[in-house]
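What follows is the residue order along each chain.
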Amino acid sequence: SRDNADLGDNYGTFSGTIGSATFPAGNVINLEVKQVSSGGSFSLTTTDQYITDNEFTYQVKEQTSKVYIEYHPLFQCEHDDTVYSHKLSLRSDVDSYASTLGGGNVPQMIHFGSTSQVQHLQFPVIVSCFHDHNQTAGTTITYRMYGQTKTGTAGVYTWDTWSHSGGPTQSQHAVIYEVAQ
């Protein structure tokens, strides 16, 4: 049998209960969109490190599920002829942020050019992965973005509006699907 729930007029928020429904493998159990605040400027080195304030949480609905995450951070880096390659990865507190999730899609940003031309480019980036979390229902998992350069040290910005007003005040977000296994 299936339980019915009223989703109301609120998009992205489930306000009912599912009861003891069993979802077939591959079906979506829950879908959420999380806004992620800007961390401002940050200095990356050749060692993978946490990019301040680029984190979000998710509360597990079913222990045997997997979580698919599609994270859309906005990064800006300077034009450079030496330090022009940056890699990003997503990690969780389940293993104390020790490893990249799910073998993860580790996108790379390239902004090569002469340092005499100081230019910044804001990249729309997608970091996506499955996370086989093995946590009990109700556990809250914190996800964090990590980054590094190929060589040297480079400054990056996360979601810089360059003093524009109006429009979205925040555009970095994560789309999270919890999927039955």
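Above this text is the structure in question.
Right, let's walk through the structure included here. (Residues numbered from 1 in each chain as written. Predicted model: local features only at pLDDT ≥ 70, side-chain atom pairs only at ≥ 80, totals over all residues. Heavy atoms only, no water.)

Notes on unusual backbone geometry
What counts is decided by this rule: Put simply, DSSP H or I for four residues or longer makes a helix, DSSP E for two residues or longer makes a strand, and each gets a number counted from the N terminus. Exposure is judged per residue with a 1.4 Å probe applied to protein chains only, and the accessible area is read against the type maximum: over 50% gives exposed, under 20% gives buried, and values in between give partly exposed.
In the Ramachandran plot, Asp53 falls in the positive-phi region, its phi being about 70 degrees despite a non-glycine side chain. Assignment of secondary structure puts Asp53 in strand S3 (residues 49-59). Overall, Asp53 belongs to the partly exposed group, its relative accessible area being 37%. Even without being a glycine, Ser96 presents a positive backbone phi close to 55 degrees. Tracing the backbone through its elements, the reader meets Ser96 in the loop between strand S6 (85-92) and strand S7 (108-110). A relative accessible area of 60% means that Ser96 is categorised as exposed.

Thoughts on the environment of Val156
This is how it is decided: Residue contacts follow a heavy-atom distance rule, with two residues in contact if any of their heavy atoms lie within 4.5 Å.
With respect to the helices and strands, the residue Val156 is situated in strand S11 (residues 154-158). The exposure class of Val156 is buried, given its relative accessible area of 1%. Note: C-alpha distance between Val156 and Cys77 (79 residues apart in sequence) is 4.7 Å. The contacts of Val156, once residues within four sequence positions are left out, are Gly40, Ser41, Phe42, Leu44, Phe75, Gln76, Cys77 and His86.

What to know about the packing of aromatic side chains
Put simply, the rule is: Stacked, edge-to-face and tilted labels apply to pairs of Phe, Tyr and Trp rings (six-membered ring for Trp) whose centres lie within 6.5 Å, assigned for plane angles under 30 degrees, over 60, and everything in between, in that order. Any Lys NZ or Arg CZ that is within 6 Å of a ring centre and within 35 degrees of that ring's normal is treated as a charge sitting over the ring.
Counted according to the given criterion, the structure contains six aromatic pairs. Between the aromatic rings of Tyr68 and Phe130, the centroid separation amounts to 5.1 Å while the plane-to-plane angle is 55 degrees, which identifies the pairing as tilted. Within this pair, whereas Tyr68 is found in strand S4 (residues 66-72), its partner Phe130 is found in strand S9 (residues 127-131), the two being separated by 62 residues in sequence. We classify Phe130 as partly exposed; its relative accessible area is 44%. Seen from the ring of Phe130, Lys66 lies directly overhead, with NZ or CZ sitting 5.9 Å from the centre.

Here we look at the side chain of Thr142
Relative to the assigned elements, Thr142 resides in strand S10 (residues 140-149). Residue class for Thr142 comes out buried when judged on its relative accessible area of 14%. Once you skip the residues sitting within four places of it in the chain, Thr142 turns out to touch Glu55, Phe56, Thr57, Arg91, Ser92, Asp93 and Tyr97.

Topic: the nonpolar core
Here is the rule we go by: In this description, a nonpolar core means a group of buried Ala, Val, Leu, Ile, Met, Phe, Trp, Tyr and Cys residues linked to one another through side-chain atoms lying within 4.5 Å.
By size, the foremost hydrophobic cluster in this structure holds 24 residues, and its most contacted members are Phe56, Ile69, Tyr71, Leu90, Tyr143 and Met145. For Ile69, the residues in contact, after removing those within four places along its chain, are Phe56, Leu90, Leu101, Val127, Ser128, Cys129, Tyr143 and Val175.

Topic: the pairing of S9
Heads up, the rule is: For two strands to be treated as a pair, DSSP must find at least two bridges joining them.
In terms of burial, S9 is largely enclosed, as four of its five residues are buried. The pairing of S4 with S9 spans five bridges and is classified as antiparallel. Across the sheet, Val67 pairs through a bridge with His131, a residue of S9.

So, the sheet that holds strand S12 (residues 173-179)
Sheet strands pair by backbone hydrogen bonding; their relative direction is either parallel or antiparallel. Heads up, the rule is: In this analysis an axis means a line fitted to C-alpha atoms, helices contributing only their contacting stretch, and an angle means the value between N-to-C directions, from 0 to 180 degrees.
One open sheet accounts for four strands, arranged S1-S12-S4-S9; its pairing is antiparallel. The two strands at the open ends of the sheet, each matched to only one other strand, are strand S1 (28-35) and S9. Neighbour-to-neighbour, the strand axes of the sheet open up by a mean angle of 15 degrees, direction not taken into account.

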